[in-house]
Amino acid sequence: MEFIKAVSRMLVASPERQVEADADTLIVQEVRAGNVAAFDQLVVKYRERIYAIIYNLTSNREDASDLTQDAFIKAFQSINRFGGQSSFFTWLYRIAVNGARTHLRKNRLRTFFSIEQASEEEKTPEWLNTLAVEAGAEKEVFARDLRQRLNESFQKLSIKHRTVITLFEIDGLSHAEIAEVMECTEGTVRSRLHYAKLQLQADLQDLLKR
Amino acid sequence: MGFAPQQPPPRPTLEELLQFKRAERPAPEFWAEFDRGLRKKQLAALMRHPQGWARIRPLFIHSLRWVVPATAAAAVALVVVQIPLSTASRSTPMEVASLPVRSAPASVAPGADIQALLATTNAAHQSVVQAASAGTVAASAEPVGRATQVASVSQPDEHSLPWSATTLPHGFETSFRPTETFVVQPASRETRRPRSSWNSRFNEMVQVISAEQSTDRLLQLASFSLPAVTDPASTVAPADSGLAAYASNTRAARAPADRDFRDLDTRIGVSGSSLSIKF
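The structure displayed is predicted, hence computed values, not measured ones.

Asker: Which parts of the structure should I look at to understand the overall build of chain A?
Answerer: In terms of helices and strands, chain A carries 10 helices and zero strands. Relative to its 210 residues, chain A shows a buried fraction of 34%. Residue pairs in contact within chain A that sit at least 24 positions apart in sequence constitute 66% of those at least 6 positions apart.

See the structure below:
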């Protein structure tokens, strides 16, 4: 059974992911052996990705920070229970996504705050200048408003649809990896992704290419 | 004068908007704060001792891992053992000592007393019911001629239900068909199905009740005095009797009496030297 799972994981995961997963397994074994500091390597490696997922699910930077820390604490506490049926990053993603979803169910009416700083690459697209001119606003102000608008559109999606589109579009996971994280079939992932995109397109119709 | 085609202003696709959102990242100093917070939480988690229920919960959950499957396995084993036992006890063959059957339609010789025939049927029915309620049946009804019914069951029915005190003993089935006479006949032991459900018990009870009702109907019919001549006109009240005449002329008032007489006429017939009663 373990052999079948390992083979299926190898078939599903890309070669880079496989190398990554093997390196993670070694670190996990170190942590289990008592080298607690080795866990920091996993934190540094995955904190940005976990934070990005949780931030796009909650649209709140404070909550995203807390939930990311909680996910790492939970992973650290239960690292002995990590059986190796899936790769470490899938297991960690599952912990993070489940924690975020539980938080969202408990705090449905929480307000959100966009991150003020963004990386440089998003300031250059031509369409951003055009839309800013059309709106008669400065580019930075328009970019902030646009982020706010995108967060609002994300929050209108259901938690499941939001999770799928975040994992696929923001973190770049494959359908199979999302299915493993969300514990559903790939067909379900595709279906949710399709409906999430349709809903976003309908909501952002005035901004999009006609 | 030619016009250059006007290019629409560039607009983003959904994928480009999502890419824009993907680029949304916190500042590098954020991660220093994040690491400090994580370190604090990690230490707190290491120092925290579980209290109360949280302390025994792991033990409880660990024990559940074994208790739940063991209980389920025991329940399944109990059911598996119980089913053959109950089936065996129910399907134990019973001894039917003798049971002459009257399967032919009831016929009465000319001049025979119809009351005697009814008494015979009633006695047979009573004996069957008594035998069933007693559990051990050793009943005999020795009425007139061939209508003899003797039943003997060696083993009492251990699975009788409280409400099934009047069920028939094993080996008996009571059947009534609309055009036949009352027949009590034993079912053959070989073809008898073991009663293994409450539903079959209920069906048997219903059969006994229907047998009782049919016997009562037989008694009612027999006690009814046949008119010498059935004259429909005699059932109509005189026309000049006011309100009573109006009531008797209505279909509701007249129909039951007519139907009773017609029913009697069609159910009881004399052909040759025999009297037949249809149900």
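Asker: I keep staring at the packing of helix H3 (residues 39-58) of chain A against helix H8 (residues 159-170) of chain A and nothing clicks. Help me out?
Answerer: Helix-helix packing is described using two parameters, namely the angle between the two axes and the distance between the axes. Residue and element names in this part refer to chain A. Remark: H3 packs on H8, axes separated minimally by 10 Å, with the N-to-C direction vectors making an angle of 140 degrees. Judged by the inter-axis angle, H3 sits oblique to H8. For H3 against H8, the interelement crossing comes out right-handed. Residues Ala-52, Ile-53, Asn-56 and Leu-57 of H3 touch H8, and the partners they reach there are Arg-162, Thr-163, Thr-166, Leu-167 and Ile-170. Of the residues in the contact of H3 with H8, the class split is five nonpolar, three polar and one charged.

Asker: For this particular structure, what's the right way to read the confidence of the model for chain A?
Answerer: One rule of thumb: low pLDDT means the predicted coordinates there are not for detailed reading. Considering every residue of chain A, the mean pLDDT works out to 83; 84% of them sit at 70 or more. For chain A, per-element mean pLDDT is lowest for helix H1 (residues 2-12) of chain A, which scores 50, and highest for helix H10 (residues 186-203) of chain A, which scores 94.

Asker: When you look at the nonpolar core in this model, what are you seeing that I'm missing?
Answerer: In globular proteins that are soluble, nonpolar side chains generally tend to be buried together. Residue and element names in this part refer to chain A. Among the nonpolar cores identified, the biggest contains 49 residues, and Ile-50, Ile-53, Ile-54, Ala-71, Leu-92, Ala-96 and Ile-178 are the most heavily contacted of them. No other element matches helix H5 (residues 88-106), which puts 10 residues into this core. Residues from two domains meet in this core; each of domain 1 (1-113) and domain 2 (157-210) gives at least three. What Ile-178 contacts, discounting residues up to four positions off in sequence, is Val-164, Leu-167, Phe-168, Leu-173 and Val-189.

Asker: Could you clarify how one ought to interpret the pairing of strand E5 (residues 268-271) of chain B in this entry?
Answerer: For a regular strand, the rule is simple: side chains alternate between the two faces of the sheet. Residues and elements named next belong to chain B. As judged from the four bridges shared by E5 and strand E6 (residues 274-277), these two strands associate in the antiparallel manner. Residue pairing for E6: Gly-269 is matched across the bridge by Ser-276. Counted between consecutive antiparallel strands, the loop separating E5 from E6 contains two residues, among which Gly-272 sits at a positive phi close to 65 degrees.

Asker: Teacher, can you tell me more about the packing of H8 of chain A against H10 of chain A here?
Answerer: Residues and elements named next belong to chain A. Where H8 contacts H10, the two axes come as close as 9 Å, and the packing angle between them is 95 degrees. Comparing their axes, H10 and H8 come out roughly perpendicular. Here Lys-160, His-161, Val-164, Ile-165 and Phe-168 of H8 come into contact with H10, specifically with Val-189, Arg-192, Leu-193, Tyr-195, Ala-196 and Lys-197. A per-class count over the contact of H8 with H10 returns seven nonpolar, one polar and three charged.

What counts and what doesn't
Residues numbered from 1 in each chain as written. Chains lettered and ligands numbered in written order. Predicted model: local features only at pLDDT ≥ 70, side-chain atom pairs only at ≥ 80, totals over all residues. Helix = DSSP H or I, 4+ residues; strand = E, 2+ residues; numbered from the N terminus. Buried ≥ 20, exposed ≤ 12 C-beta atoms within 10 Å, placed from the backbone. Contact = placed C-beta atoms within 7 Å. Axes fitted to C-alpha atoms, helices over the stretch in contact; angles between N-to-C directions. Parallel < 35°, antiparallel > 145°, perpendicular 65-115°, else oblique. Left-handed = near helix turned anticlockwise from the far one by under 90°. Nonpolar A, V, L, I, M, F, W, Y, C, P; charged D, E, K, R; others polar. pLDDT = per-residue confidence, 0-100. Core = buried A, V, L, I, M, F, W, Y, C linked by C-beta atoms within 7 Å. Domains from an automatic or database assignment. Pairing = 2+ DSSP bridges.

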